[in-house]
Amino acid sequence: PKTPSDQSGATMTSPTDHGLEQDAITLGGINLAFWLASLGLGKTWPVDFIWSCFPPLLCLLIIVREPETGVCERRIVGCTLVATWGFRLTHNFVSRGGVGHEDWRYSDMRRTFGRHFWWASLFSVFLGQAAFLFSACLSLYGVLCAPEPLTATDAAGAAVC
């Protein structure tokens with residue numbers, strides 16, 4: 001539901017207006033599927049894909065769900081930065097061993113948890129990362145749905161990325 005105007009007179013919306021809950025459930029479902037795959041594979045490497053794939057997917061979900069909201073230029077800049085970041089993460093994943101290679105932290109956790117790792121990994125690796133990743137992606141709603149044109153602050157932020 002729409003909320004009152006802020007001091008500038010712009011109409012503010014609730015984050016749930018933008019599908020926030022649906023997107024959190026989507027990410028949780030994807031991570032649950034990756035966890036199930038990891039049980040069959042005996043390694044946790046599928047979780048690494050979520051970091052490079054979900055942020056661009058989230059951009060797409062927001063834009064498809066709200067094609068008339070936001071500023072086109074802001075969306076182009078935001079999506080380009082997110083796609084570049086995702087490509088960089090995928091490149092790093094492939095260059096350090098790629099598919100089949102388990103991060104040393106997860107191997108250490110596997111030794112620590114022993115026979116309990118199969119269920120502990122759901123919370124410590126998959127759902128924990130889902131929560132962290134989703135919180136990092138919250139700014140995408142503002143970037144992709146904001147009605148204001150690009151500003152010098154946006155340019156500075158893009159330059160830092």
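The structure we're discussing is the one just above.
Scoring rules and cut-offs
Residues numbered from 1 in each chain as written. Predicted model: local features only at pLDDT ≥ 70, side-chain atom pairs only at ≥ 80, totals over all residues. Heavy atoms only, no water. Helix = DSSP H or I, 4+ residues; strand = E, 2+ residues; numbered from the N terminus. Buried < 20%, exposed > 50% of the residue type's maximum accessible area, 1.4 Å probe, protein only. Areas by Shrake-Rupley, 256 points an atom, 1.4 Å probe, with all protein chains shown as cover. Contact = heavy atoms within 4.5 Å. Polar contact = N/O pair within 3.5 Å; in protein donor to acceptor, adjacent residues only side chain to side chain. Core = buried A, V, L, I, M, F, W, Y, C linked by side-chain atoms within 4.5 Å. Salt bridge = Lys/Arg side-chain N within 4 Å of Asp/Glu carboxyl O. Expected span 1.5 Å × (residues − 1).

Asks: Would you mind showing me how to read the overall build of the chain here?
Replies: A count of helices and strands for the chain gives seven helices and two strands. Listed by position from the N terminus, the elements making up the chain come as β-β-α-α-α-α-α-α-α. Counting all 161 residues of the chain, 32% fall into the buried class. When the accessible surface of the chain is summed, it comes to about 9400 Å², and 69% of that surface belongs to carbon and sulfur atoms.

Asks: Just checking my understanding: could you explain the side chain of Asp-23 for this structure?
Replies: Looking at the element boundaries, Asp-23 is found in helix H1 (residues 20-41). Judged by its relative accessible area of 1%, Asp-23 falls in the buried class. Ignoring anything within four residues of it in the chain, the contact list for Asp-23 reads His-18, Phe-54, Leu-58, Leu-61, Ile-62, Arg-65, Phe-134 and Tyr-141.

Asks: Any chance you could explain the side chain of Glu-102 here in plain terms?
Replies: Along the chain, Glu-102 turns up in the loop between helix H3 (72-95) and helix H4 (104-113). Given the relative accessible area of 8%, Glu-102 is considered buried. Here Ser-107 takes part through its side chain, which lies 3.2 Å from a polar atom of the side chain of Glu-102. Polar side-chain contacts of Glu-102 include one of 2.7 Å to the side chain of Arg-110. Setting aside residues no more than four positions away along its own chain, Glu-102 makes contact with Lys-43, Thr-44, Ser-107 and Arg-110.

Asks: It is not clear to me how the nonpolar core should be interpreted in this structure. Could you clarify?
Replies: General note: in soluble globular proteins, nonpolar side chains tend to be found buried as a group. Counting 23 residues, the largest nonpolar core has Leu-27, Ile-50, Phe-54, Leu-58, Ile-62, Leu-133 and Leu-140 as its most contacted members. For this core, the elements supplying multiple residues, two or more each, are H1, helix H2 (47-65), helix H5 (117-137) and helix H6 (139-145). If sequence neighbours within four positions are ignored, Leu-58 has contacts with Asp-23, Cys-137, Leu-140 and Tyr-141.

Asks: Sorry if this is basic, but what is going on with the pattern of salt bridges here?
Replies: Per the counting criterion, the structure on display carries six salt bridges. Of the charged contacts, one joins Arg-96 and Asp-48 as a salt bridge, the two residues approaching to 2.9 Å between their closest N and O atoms. In this pair, Arg-96 is assigned in the loop between H3 and H4 and Asp-48 in helix H2, connecting sequence segments 48 residues apart. When the shortest N-O distance is used, the salt bridge between Arg-110 and Glu-102 registers 2.7 Å.

Asks: Sorry, what's going on with H3 here?
Replies: Since the α-helix advances by 3.6 residues per turn, residues separated by three or four positions end up pointing in the same direction. Between its first and last C-alpha, H3 extends 34 Å over 24 residues, near the 34 Å set by a 1.5 Å rise per residue. Taken together, the buried positions of H3 are occupied by Arg-74, Arg-75, Gly-78, Val-82, Gly-86 and Phe-93. Contact partners of the buried residues in H3: H2, H6 and helix H7 (152-160). A positive backbone phi angle near 130 degrees is found at Gly-97, which sits one or two residues after H3.

Bear in mind that shape data such as this cannot, by itself, settle questions of function.
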